[in-house]
Amino acid sequence: MNHITLNNGLTMPLEGFGVFQITDLAQCEQAVSQALACGYRLIDTAAAYCNEEAVGAAIRKSGIPRQQLFITTKLWVQDAGYEKSKQAFQLSLSID
């Protein structure tokens, strides 16, 4: 897998697996599990997709060390702004 080095020094895979429009949580978890098994290490989700919990479950069950994964998520529009963004970020991190 090819990577790019970001300005903060982190490396990010150039190809990732997105879960947009996978609304069934079991199906989302299975799809992410299969993507991880196939070698994907960048997973893209968003709070608006309402499937961050399923993504997290697949990651936990994969056994892949977290530092080997690059996970992206996006905020709801109403969470724009410094304080609201921090709160939304913490919510995304805490989803079981």
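Everything below is about the structure shown above.
Residues numbered from 1 in each chain as written. Predicted model: local features only at pLDDT ≥ 70, side-chain atom pairs only at ≥ 80, totals over all residues. Heavy atoms only, no water.

A. Quick peek at the overall build of the protein chain. Looking only at helices and strands, the protein chain features three helices and five strands. Walking the protein chain from its N terminus toward its C terminus, one meets helices and strands in the order β-β-β-α-β-α-β-α. What you see for the protein chain is a C-alpha radius of gyration of 14 Å, in line with the 12 Å of a compact globule of 96 residues. Seen through its C-alpha atoms, the protein chain measures out along the principal axes to roughly 35 × 35 × 20 Å. For the protein chain, buried positions account for 30% of its 96 residues. Intrachain contacts of the protein chain at a sequence separation of at least 6 include 59% that bridge at least 24 residues. By element, 55% of the accessible surface of the protein chain is carried by carbon and sulfur atoms, the whole surface being about 6500 Å². A distance of 5 Å separates the average location of the 7 positive side-chain charges in the protein chain from that of its 9 negative side-chain charges. (Helix = DSSP H or I, 4+ residues; strand = E, 2+ residues; numbered from the N terminus. Rg over C-alpha atoms; globule rule 2.2 N^0.38 Å. Buried < 20%, exposed > 50% of the residue type's maximum accessible area, 1.4 Å probe, protein only. Contact = heavy atoms within 4.5 Å. Areas by Shrake-Rupley, 256 points an atom, 1.4 Å probe, with all protein chains shown as cover. Lys, Arg positive; Asp, Glu negative; His and termini not counted. Charge placed at Lys NZ, Arg CZ, Asp CG, Glu CD.)

B. Representation of the sheet that holds strand S3 (residues 17–18) within the structure. Strand order in this open sheet of three strands is S3-S4-S5, and the pairing throughout is parallel. Each edge of the sheet is formed by a strand with only one pairing partner; in this case those strands are S3 and strand S5 (70–72). Two elements, strand S4 (residues 42–44) and S5, share three bridges in a ladder whose sense is parallel. Pairing of aspartate 44 across the sheet is with threonine 72, part of S5. (Pairing = 2+ DSSP bridges.)

C. The side chain of aspartate 79, seen in detail. Relative to the helices and strands, aspartate 79 resides in the loop between S5 and helix H3 (82–94). In this structure, aspartate 79 is in contact with Lys84, Ser85 and Ala88, ignoring residues within four places of it in sequence.

D. Just the pattern of salt bridges, in detail. For the structure on display, the rule yields three salt bridges. Measuring nitrogen to oxygen at the nearest pair gives 2.8 Å for the salt bridge that ties lysine 74 to aspartate 44. Here lysine 74 is found in the loop between S5 and H3, whereas its partner aspartate 44 is found in strand S4, with 30 residues between them in sequence. When its relative accessible area of 34% is taken as the criterion, lysine 74 is described as partly exposed. As a salt-bridge pair, lysine 86 and glutamate 83 come within 3.6 Å of each other at their nearest N and O atoms. Placement of the pair is lysine 86 and glutamate 83 together in helix H3, with a separation of three residues, close to one helical turn. On the basis of relative accessible area, glutamate 83 is assigned to the partly exposed category, the value being 46%. (Salt bridge = Lys/Arg side-chain N within 4 Å of Asp/Glu carboxyl O.)

E. Region of the structure containing the packing of aromatic side chains. In the structure shown here, the tally under the stated rule is two aromatic pairs. Relative to tyrosine 49, the ring of phenylalanine 20 lies with its centre 5.2 Å away and its plane at 55°, an arrangement referred to as tilted. Here the residue phenylalanine 20 occupies a position in the loop between S3 and helix H1 (25–37), and tyrosine 49 occupies one in the loop between S4 and helix H2 (52–62), the gap between them amounting to 29 residues. Tyrosine 49 sits in the buried class, given a relative accessible area of 18%. (Phe/Tyr/Trp six-rings, centres within 6.5 Å; stacked < 30°, edge-to-face > 60°.)

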